[in-house]
Amino acid sequence: MQASNPVISSEKKTLLIVEDSKMNREILKELLSDDFNILLAHNGLVGLDLMEEHKKSISIVLLDIFMPECTGFDFLERKQTMRGCQTIPVIVMTASNTVEDEIRCLELGASDFISKPYNTEVMKNRIRSIINLRETSSMLNRIEKDRLTGLYSKEVFLHKVSNILQTTQDSYDLICSDIVNFRRMSERYGENKSDLFLRNLAQSLMKGIPDILLGGRISTDIFCFLLRHQDGDWAEATLKNVLGKDHPASFIIKYGLVPNVDHALPPKTLTNHATCAIKNIKGRFDATVGIYDEEFHKEQQRIAYIEEGMLEGLKNREFKVYYQPKHSATEDVIVAAEALVRWQHPKLGFIGPNIFIPLFERNGFITQLDLYVWEEVCREIRHCIEVGFSIVPISVNLSRLDFDIPNLAEKIIALVDKYEIDHSFFHVEVTESMCTDNVEQIAETCKKLHDAGFLIELDDFGSGFTALSYLSQLNVDILKLDVSLMQNAKETRNYSLVRYAILLAESMKMKTVAEGVEVEEQAAALRVLGCDYIQGYYYSKPLPQEEFEPYLLEYESSKGEDYFNRIF
Ligand code: C2E
Ligand code: CA
Ligand code: CA
C-alpha cells in the first residue's frame, strides 16, 4: 500500500486518507490529488504507521470510522499518545454514524465531519480552513501553550499571574504539582505513556481544582495553577483523589499550596514557595500537600538566614563555645567539662545548636564549625594554663561528617600540639547513632586519637541501638548515658536501665558519666549505682567562658591545689 503513495512535494499540503473501502479511497484520491499530496492507508494500523512516519509533513487526516482490526475510534485514541501526532487535525468521514458516534469522535479529538457522498468544493474548503486554523493556532500555541498538556507555557503563565495579581485585590491561592519519581517512572514506562500521564494529570487538575483561573507547565513534570482562595483544609482530600482510581499509582504526585498569595511578590517567587513546600513533604508517605503558610515561611527565612550567615558568622567569631561542668559522683569536685557551641546571630539573636547543627550536617558546614570549636577549646585551655588556673579536661563533640575530613586524627593532634597542650586535656565525644555506616573509618580515627592520649566518650548511649561490638571497636573509655535514660528514670523512678548500662561499662573497664541530671534524687541514685561522673543542670548549665573560669576558680580555691591531679 505504501508503495502506491507518491513522493511528497513540498508546495502542496499533505493529506492522509485512512479508509478500508478501496472504492472510497480511489474516489477521494481522484477528487483531492490536484490540490493535495495524498497518502493512502487501507486500515487504521497502516494509517498510524504512516502518520508516525510522516508526522512532520501531514497537515490533516481523513478518517473512516468503521474499519476492521483498528477502528477510527481506536485510531483517534492511539493518536493521542503519539508524540508529535497529537495536534494533527482529523476529519471524520461519516455515512451512517449516529450522534453518539460523532460525540465520541469529538471527545477523542476529531476536528470536524464530512459526510458521504462527498461534495468536492465543501470538502476542499473545510479541509483548507482546518489546516489554516491549525497553522495559525499552532503558531500562537507554540508561544502561549504547552503542546502536550494544553497548559500555558511557563513564561505566559507567570505573565498572566502577574497581571491578575497587579490588577485585582481578590485573594488567590497558588498550587504546584510535582511527580516526585517522574524520571524513574518515565524510564520504566517509556515516553509515550509518561506523556499520556502528564496530559491526563494536567487535564484532571484543570477540572478538579476548585475555582481555577489558569494553569501552566513550569517544567517537564511540574505544573502550576492559580485559583480563587479557598477556605479550610480542602486541598489534601481533593488533590489526593483528583486522578480517580484508574491512574497508575506508581507515579507519586505531591503538591505545594501557597494560600492567600502576597500580591506584592513576583510570581516566580510564589512558584518557588510552592515547590519548596513540596520539598518539605517529599520523604513523607502520608502527606500529599505541603502548605507554605506564615509559619513555614518564617522557618524558611530562618534557614536562609542561617545558611547565608554561617561563613560570615565563623569569620566574625559569632559562634561561642560554652562549657558544661562534669562532676565527680562521689566528691564535690568538678572533673571535666563539655564544650557546647551556641551562635550569637546578628539577626536571629542567640540560637542553640539544635537549630543550626542539623542544618550544617546537611550542608556540610559542620566540619568547619567543629574544627573551629576545637581551636576555641585549645585557646581556652592555653589561656587557663597561661593565667595559672587549673583547667579540667574538655570534651569536644564530633559529627559523623567530621570523619570524612582527610587525616582528621592527625589534624586534631597537630592543632593541639600547636597550642602545646597535653592530649589528656581532651576528650572526644562521638555519638552512637553515627556508627550506622562507615564504622571502620570512624574506628580507625578513634583508635589513632585514643593511642595519642585522647579519651573517647561514647555520647548518647541508650538513646538508640548500639551494637556492643562498637564499644571495643571505637576504643571507648567513657560511656555517656543519654539524657533520655535520666529523664525516664526521673519520671518512672526506675533506674534499672541505668544500672545495666553501668554494669556493662564496669565489665568493660569503662567509666560512666550521666548527662541531663537535674535533681538531687537522680544524683543520689547514680551514686548508689556506681556511676562515676555527673553532668547536668543539677550542678550547672553550660556556661560562657566568662562564667566558666570563675566556676573553676571557686572549686580550685575551696579544694586546695592538688585536687586536679586526682581527676580522670
Ligand atoms: P549533646 O552532646 O547530647 O549535649 C547535651 C545537651 O543536653 C546539651 O544541649 C546540653 O545543654 C543539654 N543538657 C545539659 N544538661 C541538661 C539537663 O540537666 N537537662 C536537660 N534537659 N538537658 C541538659 P545543647 O547544648 O543544646 O546541645 C545539643 C546538641 O548539639 C548536643 O547534644 C550535641 O549533639 C550538639 N552539639 C553541641 N555543640 C556541638 C559541637 O560543637 N559540635 C557538634 N558536632 N555538635 C554539637
Ligand atoms: Ca555531647
Ligand atoms: Ca549527649
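Residues numbered from 1 in each chain as written. Chains lettered and ligands numbered in written order. Predicted model: local features only at pLDDT ≥ 70, side-chain atom pairs only at ≥ 80, totals over all residues. Heavy atoms only, no water.

Caption draft 1: Layout of the overall build of the protein chain. Secondary structure assignment for the protein chain yields 20 helices and 21 strands. Compactness check: the protein chain gives a C-alpha radius of gyration of 37 Å against a globular reference of 24 Å for 568 residues, more than 25% above the reference. Its C-alpha atoms give the protein chain principal-axis dimensions of about 120 × 50 × 50 Å. Split into buried and exposed, the 568 residues of the protein chain put 49% on the buried side. Sequence separation of at least 24 residues holds for 68% of the intrachain contacts in the protein chain that already meet a minimum separation of 6. Here the protein chain has roughly 27,800 Å² of accessible surface; of this, 50% comes from carbon and sulfur atoms. (Helix = DSSP H or I, 4+ residues; strand = E, 2+ residues; numbered from the N terminus. Rg over C-alpha atoms; globule rule 2.2 N^0.38 Å. Buried < 20%, exposed > 50% of the residue type's maximum accessible area, 1.4 Å probe, protein only. Contact = heavy atoms within 4.5 Å. Areas by Shrake-Rupley, 256 points an atom, 1.4 Å probe, with all protein chains shown as cover.)

Caption draft 2: Spatial organisation of the site of ligand 1. In the neighbourhood of ligand 1, 23 residues make up the surrounding shell, with Gln 324, Arg 342, Asp 370, Glu 518 and Tyr 537 lying closest. Contact distances for ligand 1 include 3.3 Å between a nitrogen atom and a side-chain N or O atom of Gln 487. In the environment of ligand 1, a nitrogen atom lies 2.7 Å from a nitrogen or oxygen atom belonging to the side chain of Glu 518. A total of 800 Å² of accessible area belongs to ligand 1 in isolation, and the protein chains cover 83% of it. Judged by the proximity of its atoms to the pocket grid, ligand 1 belongs to the largest pocket. When residues of the shell around ligand 1 are traced back to their parent elements, those giving at least two are β13 (334-345), α12 (353-363), α13 (366-387) and β17 (455-461). Take the shell around ligand 1: its biggest share by element is four residues, from β13. Classifying every residue of the shell around ligand 1 gives nine nonpolar, seven polar and seven charged. (Near = heavy atom within 4 Å. Polar contact = N/O pair within 3.5 Å; in protein donor to acceptor, adjacent residues only side chain to side chain. 1 Å grid on protein atoms, 1.4 Å probe; cavity = no way out; pocket = protein on both sides within 12 Å on 5 of 7 lines; lining within 4 Å. Sits in = over half its atoms within 2 Å of the grid points. Nonpolar A, V, L, I, M, F, W, Y, C, P; charged D, E, K, R; others polar.)

Caption draft 3: How the structure looks around the sheet that holds strand β5 (residues 112-115). With parallel pairing, the five strands of this open sheet are ordered in space as β2-β1-β3-β4-β5. Either end of the sheet is taken by a strand with one partner, and the two such strands are β2 (36-41) and β5. Adjacent strand axes in the sheet meet at a mean angle of 25 degrees, parallel and antiparallel pairs treated alike. In the packing of helix α2 (residues 44-53) onto the sheet, contacts are made with β1 (13-18), β2 and β3 (58-64), and the angle to β1 comes to roughly 160 degrees. Sheet strands touched by helix α3 (residues 72-80): β1, β3 and β4 (90-94). Its angle to β3, the strand with the most contacts, is close to 150 degrees. (Pairing = 2+ DSSP bridges. Axes fitted to C-alpha atoms, helices over the stretch in contact; angles between N-to-C directions.)

Caption draft 4: Structural context of the coordination of the calcium ion (ligand 3). Protein coordination at the calcium ion (ligand 3): the donors are Asp 459 (OD), Asp 460 (OD), Glu 515 (OE) and Glu 515 (OE), at 2.1 to 2.8 Å from the metal. A separation of 4.1 Å is found between the calcium ion (ligand 3) and the calcium ion (ligand 2), which share Asp 459 as a coordinating residue. Since its relative accessible area comes to 7%, Asp 459 is described here as buried. (Donors = N, O, S within 2.8 Å, 3.2 Å for Na, K, Ca; no water.)

Caption draft 5: The side chain of Asp 64, seen in detail. With respect to the element layout, Asp 64 can be found in strand β3. The buried category is assigned to Asp 64, whose relative accessible area is 7%. Those residues in contact with Asp 64 that sit more than four places away from it in its chain are Val 18, Glu 19, Asp 20, Gly 72, Met 93 and Lys 116.

Caption draft 6: Focus on unusual backbone geometry. If you check the backbone angles, Glu 420 has positive phi at about 50 degrees while not being a glycine. By secondary structure assignment, the location of Glu 420 is in the loop between α14 (408-418) and β16 (426-431). Of note, Lys 509 is a non-glycine position whose phi angle comes to about 60 degrees, a positive value. Looking at the secondary structure, you find Lys 509 in the loop between α18 (496-507) and β19 (511-514).

Caption draft 7: Geometry of the sheet that holds strand β9 (residues 222-228). One open sheet accounts for six strands, arranged β6-β8-β9-β7-β10-β11; its pairing is mixed. In the strand order of this sheet, the two ends are held by β6 (152-153) and β11 (289-291), each with one partner. With six bridges joining them, strand β8 (residues 212-219) and β9 adopt antiparallel strand pairing. When the bridges of β9 are listed, Ser 219 appears paired with Ile 222. Of the strands in this sheet, β6, β7 (172-179), β8 and β9 touch helix α6 (residues 154-167), which is tilted by about 145 degrees from β8.

Caption draft 8: Structural view of the side chain of Glu 515. Relative to the helices and strands, Glu 515 resides in the loop between β19 and α19 (520-529). The contact partners of Glu 515, leaving out residues within four places of it in the chain, are Asp 459, Asp 460, Lys 480, Leu 481, Asp 482, Val 483, Met 486 and Gln 535.

Caption draft 9: Looking closely at the domain arrangement of the protein chain. Examined at the domain level, the protein chain breaks down into domain 1 (2-143), domain 2 (152-292) and domain 3 (314-565). Using only C-alpha atoms to locate each centre, domain 2 and domain 3 end up separated by 47 Å. (Domains from an automatic or database assignment.)

Caption draft 10: View of the packing of helix α10 (residues 267-281) against helix α11 (residues 294-315). Packing of α10 against α11 leaves a shortest axis separation of 12 Å and a crossing angle of 85 degrees. Relative to α11, the element α10 lies roughly perpendicular. For the pair α10 and α11, the contacting residues are His 273, Cys 276, Ala 277 and Asn 280 in the first and Phe 296, His 297 and Gln 300 in the second. Looking at side-chain class alone, the contact of α10 with α11 contains three nonpolar, four polar and no charged residues. (Parallel < 35°, antiparallel > 145°, perpendicular 65-115°, else oblique.)

Caption draft 11: Seen up close, the environment of Lys 320. Locating Lys 320 in the fold gives a position in strand β12 (residues 319-328). In this structure Lys 320 comes out as partly exposed when scored by relative accessible area, which is 40%. Not counting the four nearest positions on each side in its chain, Lys 320 is found in contact with Leu 340, Val 341 and Arg 342. At 3.0 Å, the side chain of Lys 320 forms a polar contact with the backbone oxygen of Arg 317.

Caption draft 12: Representation of the layout of surface pockets in the model. Estimates place the volume of the largest pocket at around 1,100 Å³. Mapped onto the lining of the largest pocket, the elements with two or more residues apiece are β13, α12, α13, β15 (394-397), β16, β17 and α17 (483-492). In terms of residue class, the lining of the largest pocket is built from 15 nonpolar, 11 polar and 11 charged. (Points joined across faces, edges and corners; volume = space filled by probe spheres on them.)

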